[in-house]
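# Residue-level structure breakdown
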Amino acid sequence: EEDQCAPVQHLTPCCCVVPSAKGRRWIELAVEEQRAYVMRLLDALEVTDRDKRLKVARAILYLAQGVFDECDTEVDVLHWSRHNVFLLYDMGIFTALLELLSMEIDNSQACSSAVRKPAISLADSTELRVLLSIMYLMVETIRVQTEDDRPEWKAARETFKNELGSPLYNGEPFALLLFTMVTKFCSMNAPHFPMKKVLLLLWKTILFTLGGFEELQEMKVRGRERLNLPPLPEDSIKVVRAMRAASPPASAMELIEQQQQQKRGRRSRRPLVKQDSLDTYNERDPFKNDDARDEEEDPEDTDSGIEGEVDPLDRDVIIQPPPPPPPLRPPTERVNFPKGLPWAPKVREKDIEHFLETSRNKFIGFTLGNDTETLVGLPRPIHESVKTLKQVRSKTNDLCGEEEVEETPAEILYLGMLPNLSQYVIALLKLLLAAAPTSKAKTDSINILADVLPEEMPITVLQSMKLGIDVNRHKEIIVKAISALLLLLLKHFKLNHIYQFEIVSQHLVFANCIPLILKFFNQNIMSYISAKNSICVLDFPHCVVHEMPELTAESLEAGDSNQFCWRNLFSCINLLRILNKLTKWKHSRTMMLVVFKSAPILKRALKVKQAMMQLYVLKLLKIQTKYLGRQWRKSNMKTMSAIYQKVRHRLNDDWAYGNDIDARPWDFQAEECALRESIEKFNSRRYDRNKNGDFTPVDNCLQSVLGQRVELPEDFHYSYEMWLEREVFSQPIQWEGLLQNP
């Protein structure tokens, strides 16, 4: 686990506090003997002596880590860790730890002492780190399912999941307590809080209680079945997994070298090829660079005028004669290439309305508003076009009248977060900014290194290198946790109710999340993806089972043998997905991408030859191509073709030409204000518990009023015709009076 990959000096065996029964070890004890000992530890947690309480907490941490001093292999450590964690949960250890954590959070003496300290170190958060480590191990171990889980473990998993997502802990979900720790830390009231551990535990708690991406997909399918909507055209997770990475565009140095070699009559190392040679279905390792210079920054990728220059490679491709047709291949080889585009096209209701409005103006001379059914007077081809559009339309369910609020984990979490939602969002973005590799240290910025810096600073080169690696890894884990947490919240709130998603998105936009993410990517992204800020021999449980080799400056500098860092790749993809969710169908926010000159920054990110990351980069480029001008599109035809190949098509979306009506000047402030007004109405209608009947606003929406359920007497249908005759037909109505002036 990320949190357990710590230097050895932070993992001390607690064998001295684990008593042996007649000289036997823990792994030799019967289950009942183990339960009896855990019960004694639980009683000892309630002592008033702080040092004794910490000693007992360390013993519990040692059990949760798998009694590694009694194990010979890493598999044994993981086995006993899983066994002990379920035992600890069954004995009620988590509830006791939660009470201790609440005490530490409310410890005003520790907070005031940390505020006055000029430099905060690991020693200031010892108790908190021990408690959070145990709770993290319990949440993550119980969350992960394995094939050999016992029936009682499966039942315990469901019970623990419901407990964490329900307001059982002090009347609020457990995640809200961790959010409170984040805001308290960022407000400088508790600078000693170990933020890395808090954020990791918060992320895993949200992941456990709400579910991951696969659970989200299952919830979507069940929700559409419940509302009698057609099934989804494809599983997006499977489609993305089947994609292959594309080769990035050639750098300027490579192009210059190619031109020079062509003039000399030599064969180029990387010959000029057509657009379709992006290696979309390349079988090679997507992270293997063709040339070492791919990792260098391209001079053409600077912010000063990439849009206005024609790519020499594209210019040469245009004048190249077409290559000879490839030889016929046997049918067995054709299965290697996918048929058609990876995504099924989609159409919104708004697109059909716009298409019919344009057609009616052209052929009839007037419009019918939002009517998408009447096709009278339109030519036959228009009828066929509307039929095709409706076949691929993304149908949604429009609920009218009073809505029934289901108490889902996402609903409970949103209700708890709503009063302080803006504070939570700002605090997370502050931490993300402080941990970003492009951020510069400032005197007034928050200190996120409180739980990584030792009391005594290193005095040797080796110690300094180890600390430097630890600090960089510490920042990378914080970025990973925050990016995953924000993405999970956005996706779950969007599935639960669209306005819950919109309010979180608007808070992120108002807190400058868009320029923050762009600033994060405005670096040598290849160096960040391939960073080696880890020491394999110090990873848990390897470091407590095997003998520790001698560390040297050379071995630390060499790092591990991995070509890339999964942690950083995961963070980059999450941030790109967040940026996509914030800007999708929001013209004002799309214009922010243009204003902040995101196109060259995103183009540099295409150098990472990983299919999922390239997909979300291309999505961000697609939504702003209509605003970048014809010259940019002409100069970046490789990118335009990659967008066509990989991104979902939406019929009637004129993204490649910029002729769409949405590309015209837009009232950005009015768009956000209208959205904000709708969000406030939603929150007031759904969550305002102090409504006064005399001051309740009148519902003037015809659709909403007609959708309300009215209680009628049982015999009403018997006398309905008599009521119509008496109250409607028999009453004279002076229709001419409506035309007269009052």
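Per chain, residues are indexed from 1 in the order of the written sequence. Thresholds applied to this predicted model are a pLDDT of at least 70 for local features of residues and 80 or more for the giving and counting of side-chain atom pairs; totals over whole chains, interfaces and linings are not thresholded and use all residues. Only hydrogens and water are set aside when side-chain values are computed; all heavy atoms of the structure are taken into account.

Put simply, the test is: UniProt positions are given in the numbering used here, feature names are shortened, and annotations may be inferred rather than shown by experiment.
Under an unreviewed UniProt entry, the chain has the name Striatin interacting protein 2 and belongs to Sphaeramia orbicularis. What UniProt records for the chain under Sequence similarities (unreviewed entry) is the sentence "Belongs to the STRIP family."

### A look at the overall build of the chain
The line we're drawing: Runs of H or I in DSSP of at least four residues are treated as helices and runs of E of at least two as strands, each being numbered from the N terminus. Residue exposure (1.4 Å probe, protein chains only): buried if accessible area is under 20% of the type maximum, exposed if over 50%, otherwise partly exposed. Contacts between residues were defined by any pair of non-hydrogen atoms, one from each residue, lying within 4.5 Å. A 1.4 Å probe and the Shrake-Rupley method give the accessible areas. Residues count as covered only by the protein chains that appear here.
Looking only at helices and strands, the chain features 33 helices and zero strands. Split into buried and exposed, the 742 residues of the chain put 46% on the buried side. Contacts spanning at least 24 positions in sequence make up 78% of the contacts within the chain whose residues lie at least 6 apart. Accessible surface computed for the chain: about 40,400 Å², of which carbon and sulfur atoms make up 53%.

### Description of the nonpolar core
Convention followed: Working definition of a nonpolar core: buried Ala, Val, Leu, Ile, Met, Phe, Trp, Tyr and Cys residues. They are joined through side-chain atoms within 4.5 Å.
Counting 167 residues, the largest nonpolar core has Phe174, Leu431, Phe521 and Met613 as its most contacted members. The contacts of Leu431, once residues within four sequence positions are left out, are Val182, Phe185, Cys186, Met195, Leu199, Ile446, Ile448, Ile478 and Ile482. Counting residues in hydrophobic clusters, the runner-up holds nine residues, among them Val347, Ile352, Leu356 and Leu389.

### Concerning the side chain of Glu70
We apply this condition: When charges are counted, Lys and Arg are positive and Asp and Glu negative, with His and the chain ends excluded. In the sections that follow, a salt bridge refers to a side-chain nitrogen of Lys or Arg positioned within 4 Å of a carboxyl oxygen of Asp or Glu. N or O atoms closer than or at 3.5 Å make up a polar contact, with two conditions inside protein: a donor-capable atom paired with an acceptor-capable one, and, for residues adjacent in sequence, both atoms drawn from side chains.
Assignment of secondary structure puts Glu70 in the loop between α2 (50-64) and α3 (74-90). Put simply, Glu70 is tucked away with no salt bridge, and the nearest opposite charge, on Arg25, sits 4.5 Å away. Within polar-contact distance, the side chain of Glu70 engages the backbone nitrogen of Ile27 at 3.2 Å. The contact partners of Glu70, leaving out residues within four places of it in the chain, are Arg25, Trp26, Ile27 and Tyr62.

### Details of the packing of aromatic side chains
To describe a pair of aromatic rings, you give the distance between the ring centres and the angle between the ring planes. The following threshold applies: Each Phe, Tyr or Trp ring, with Trp reduced to its six-membered ring, pairs with another whose centre is within 6.5 Å; inter-plane angles below 30 degrees give stacked pairs, above 60 give edge-to-face pairs, and intermediate values give tilted ones.
Summed over the entire model, instances satisfying the criterion amount to 17 aromatic pairs. Aromatic pair Tyr499 and Phe682: ring centres 5.6 Å apart, planes at 40°, arrangement tilted. Placement of the pair is Tyr499 in helix α20 (residues 498-510) and Phe682 in helix α31 (residues 668-687), with a sequence separation of 183 residues. Exposure remark for Tyr499: the relative accessible area of 25% places this residue in the partly exposed category.

### Side note on α2
Selection criterion: One fewer than the residue count of a helix, multiplied by 1.5 Å, yields its expected span.
For α2, which comprises 15 residues, the first-to-last C-alpha distance of 21 Å matches the rise-based estimate of 21 Å (1.5 Å per residue) to within 8%. Among all positions in α2, only Arg53, Leu54, Val56, Ala57, Ala59, Ile60, Leu61, Tyr62, Leu63 and Ala64 are buried. For α2, the elements touching its buried residues are α1 (31-44), α3, α4 (93-105) and α6 (126-143). Where α2 begins, the capping side chain belongs to Asp49, and its oxygen is found 2.9 Å from the backbone nitrogen of Asp51. Positive phi appears at Gly66, one or two residues downstream of α2, with a value of about 95°.

### Some remarks on the packing of helix α25 (residues 566-583) against helix α26 (residues 587-595)
Let me state the cut-off plainly: Lines fitted to C-alpha atoms define the axes here, with helix axes fitted over just the stretch in contact, and angles between the N-to-C directions of these axes take values from 0 to 180 degrees. Between 65 and 115 degrees an angle is taken as roughly perpendicular, under 35 as roughly parallel, over 145 as roughly antiparallel, and anywhere else as oblique. In this count, Pro and Cys sit with the nonpolar residues alongside Ala, Val, Leu, Ile, Met, Phe, Trp and Tyr, while Asp, Glu, Lys and Arg are called charged and the others, Gly among them, polar.
Here α25 crosses α26 at 130°, and the two axes come no closer than 8 Å. The angle between α25 and α26 places the two elements in the oblique class. For the pair formed by α25 and α26, the contact residues are Leu579, Leu582 and Thr583 on the first element and Arg589, Thr590 and Leu593 on the second. Here the residues of the contact of α25 with α26 sort into three nonpolar, two polar and one charged.

### With respect to the environment of Lys597
Its location among the elements puts Lys597 in the loop between α26 and α27 (598-605). Sequence spacing of Lys597 and Pro515 is 82 residues, and the spatial spacing of their C-alpha atoms is 9.9 Å.

### A few points about the state of the cysteines
To keep things clear, this is the line we draw: The definition used for a disulfide is geometric: two cysteine sulfur atoms within 2.5 Å.
If you walk through the whole model with that rule in mind, you get zero disulfides. Looking at Cys572, it has no disulfide partner, and the nearest cysteine sulfur is the one in Cys565, 9.4 Å off.

### Looking at the packing of helix α21 (residues 513-521) against α25
As a reminder, the rule being used: The handedness criterion is simple: a crossing whose near helix is rotated anticlockwise from the far helix by less than a right angle is left-handed, and one whose near helix is rotated clockwise is right-handed.
Put simply, α21 and α25 touch, their axes get as near as 10 Å, and they point 150° apart. Judged by the twist between their axes, the crossing of α21 over α25 is left-handed. Here Cys513, Ile514, Ile517, Leu518, Phe520 and Phe521 of α21 lie close against α25, whose contacting residues are Cys572, Leu575, Leu576, Ile578, Leu579, Leu582 and Thr583. Residue composition of the contact of α21 with α25, grouped by class: twelve nonpolar, one polar and no charged.

### Side note on unusual backbone geometry
Note the cis peptide between Phe540 and Pro541, where omega equals 5°. Relative to the helices and strands, Pro541 resides in the loop between α22 (525-529) and α23 (542-545).

### Some details on the confidence of the model for the chain
Rule in force here: For every residue, the predictor states its confidence as a pLDDT score lying anywhere from 0 to 100.
For the chain, the mean per-residue pLDDT works out to 81, and 78% of the residues sit at or above 70. This model gives residues 3-17 a pLDDT under 50, and the stretch forms 41 contacts once residues within four places in sequence are excluded. A low-confidence stretch, residues 266-338 stays under pLDDT 50, and its non-local contacts, those more than four residues away or across chains, total 117 contacts.

### A word on the pattern of salt bridges
Across all of its chains, the model carries 22 salt bridges by this definition. Residue Glu680 pairs with Arg676 through a salt bridge whose shortest N-O separation is 3.7 Å. Taken as a pair, Glu680 and Arg676 lie in helix α31 at a separation of four residues, close to a single helical turn. Under the relative-accessibility criterion, Arg676 is labelled partly exposed at 28%.

### Regarding the environment of Tyr644
Locating Tyr644 in the fold gives a position in helix α30 (residues 637-646). Judged by relative accessible area, Tyr644 falls into the partly exposed class, the value being 46%. Counting along the chain gives 26 residues from Tyr644 to Leu618, while the straight-line C-alpha distance between them is 9.3 Å.

### Some details on the side chain of Ser505
Tracing the sequence through the fold places Ser505 in helix α20. Given the relative accessible area of 0%, Ser505 is considered buried. When residues no more than four places from it in sequence are discounted, the contact partners of Ser505 are Leu490, Leu582 and Arg589.

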